[in-house]
Amino acid sequence: MVSDTEKVKIISQLNVLIILLLLTMGFGAYIKHVYYGLACDWLDCRETLLPVTKPEILQTGHRVLAVLTAAYTILLMFKAYMNNWGLGLKKRLLLAAAVVVIQIISGILTIVTNISIPWEVVHLAIGTALFMIIADTRIVMGLTITKVTGGTWTDDKGQPINK
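Residues numbered from 1 in each chain as written. Predicted model: local features only at pLDDT ≥ 70, side-chain atom pairs only at ≥ 80, totals over all residues. Heavy atoms only, no water.

Engineer: Is there a simple way to think about a nonpolar patch on the surface in this case?
Structural biologist: Residues Trp42, Leu43 and Val112 make up a contiguous nonpolar surface patch of roughly 330 Å² in combined accessible area. Within the secondary structure, Leu43 sits in the loop between α1 (4-33) and α2 (54-82). (Patch = residues over 30% accessible without salt bridge, like charges linked within 9 Å, V, L, I, M, F, W, Y side chains within 5 Å. Areas by Shrake-Rupley, 256 points an atom, 1.4 Å probe, with all protein chains shown as cover. Salt bridge = Lys/Arg side-chain N within 4 Å of Asp/Glu carboxyl O. Helix = DSSP H or I, 4+ residues; strand = E, 2+ residues; numbered from the N terminus.)

Engineer: Explain the state of the cysteines to me, please; I cannot follow it from the model alone.
Structural biologist: Put plainly, a disulfide is one covalent bond tying together the sulfur atoms of two cysteines. Using the criterion set out here, one finds one disulfide in the structure. There is a disulfide in this structure between Cys40 and Cys45, and the S-S distance comes to 2.1 Å. Residues Cys40 and Cys45 are joined by a disulfide whose S-S torsion is about 75°; by sign, that bridge is right-handed. What makes Cys45 buried here is its relative accessible area of 4%. (Disulfide = S-S within 2.5 Å. Buried < 20%, exposed > 50% of the residue type's maximum accessible area, 1.4 Å probe, protein only.)

Engineer: Explain the pattern of salt bridges to me, please; I cannot follow it from the model alone.
Structural biologist: A side chain of one charge can pair with a side chain of the opposite charge if their charged atoms are brought near each other. Under the defined criterion, the tally for this structure stands at two salt bridges. A salt bridge links Lys32 to Glu120, with the shortest nitrogen-to-oxygen separation between them at 3.5 Å. One end of the pair, Lys32, is in helix α1; the other, Glu120, is in helix α4 (residues 117-145), and 88 residues separate them in sequence. Look at Lys32 and you get partly exposed, because its relative accessible area is 43%. Notably, a salt bridge pairs Arg92 with Asp136, separated by 2.9 Å at the nearest N-O pair. Residue Arg92 is found in helix α3 (residues 87-112), and its partner Asp136 is found in helix α4; the two are separated by 44 residues along the sequence.

Engineer: Please clarify how the packing of α1 against α2 should be interpreted in this entry.
Structural biologist: A pair of packed helices is characterised by two quantities: the angle between their axes and the separation of those axes. Where α1 meets α2, the closest approach of the two axes is 9 Å, and the angle between their N-to-C directions is 155°. When the axes of α1 and α2 are compared, the pair comes out roughly antiparallel. For the element pair α1 and α2, the recorded crossing hand is left-handed. Taken together, the residues that form the contact of α1 with α2 break down as 15 nonpolar, eight polar and two charged. (Axes fitted to C-alpha atoms, helices over the stretch in contact; angles between N-to-C directions. Parallel < 35°, antiparallel > 145°, perpendicular 65-115°, else oblique. Left-handed = near helix turned anticlockwise from the far one by under 90°. Nonpolar A, V, L, I, M, F, W, Y, C, P; charged D, E, K, R; others polar.)

Engineer: Which parts of the structure should I look at to understand the packing of aromatic side chains?
Structural biologist: For any two aromatic rings, the description comes down to two numbers: the centre-to-centre distance and the angle of the planes. Per the stated rule, a full pass over the model turns up one aromatic pair. Seen from their ring centres, Tyr30 and Tyr36 are 6.4 Å apart, and the 80° between their planes marks the pair as edge-to-face. Exposure remark for Tyr30: the relative accessible area of 40% places this residue in the partly exposed category. Take Tyr36: its relative accessible area is 17%, and that puts it in the buried class. (Phe/Tyr/Trp six-rings, centres within 6.5 Å; stacked < 30°, edge-to-face > 60°.)

Engineer: Hey, could you run me through the packing of α2 against α3 in this one?
Structural biologist: Between α2 and α3, the least distance of the axes is 8 Å, while the angle of their chain directions is 155°. The orientation of α2 relative to α3 falls into the category roughly antiparallel. Of the two possible hands of crossing, α2 and α3 adopt the one that is left-handed. Of the residues in α3, those touching α2 at Gln59, Arg63, Ala70, Thr73, Ile74, Leu76, Met77, Ala80 and Tyr81 are Lys90, Lys91, Leu93, Leu94, Ala96, Ala97, Val100, Val101, Ile104 and Ile111. Each residue belonging to the contact of α2 with α3 can be placed in one class, and the counts come to 14 nonpolar, two polar and three charged. (Contact = heavy atoms within 4.5 Å.)

This is the structure we're talking about:
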């Protein structure tokens, strides 16, 4: 059983992950709409490993955010199993970790196929599913710890939080 204090920490970590996801998706959307998707190959930026032009820098920024998001998702999944955060949370984070790996593969395939529309749509759909899984996990965690009663936040037993 996870304590209410631990649940608050988990919610904070899920909030960080949601912010990372939104930044990654925002960068991805911008890159798509200004046609910077092929600024770099899937491992390097044409003749150099480091980005030089604005499109290369933005494309690399999206990739760096994607790697940070993936690493943080997988880290949270491991923490859930190591700290026994409960079966529901462990399953959700395991699903999120699996989806994030599939998302990275679909991103690579999108670049390798020169932004083939089907792969582009798959990449977008998987990213949306990942966001939904993490947002759902955050909402469920919030519902298990608090409810608003008369402007005072209380735990599931009706006791005020942070007395």
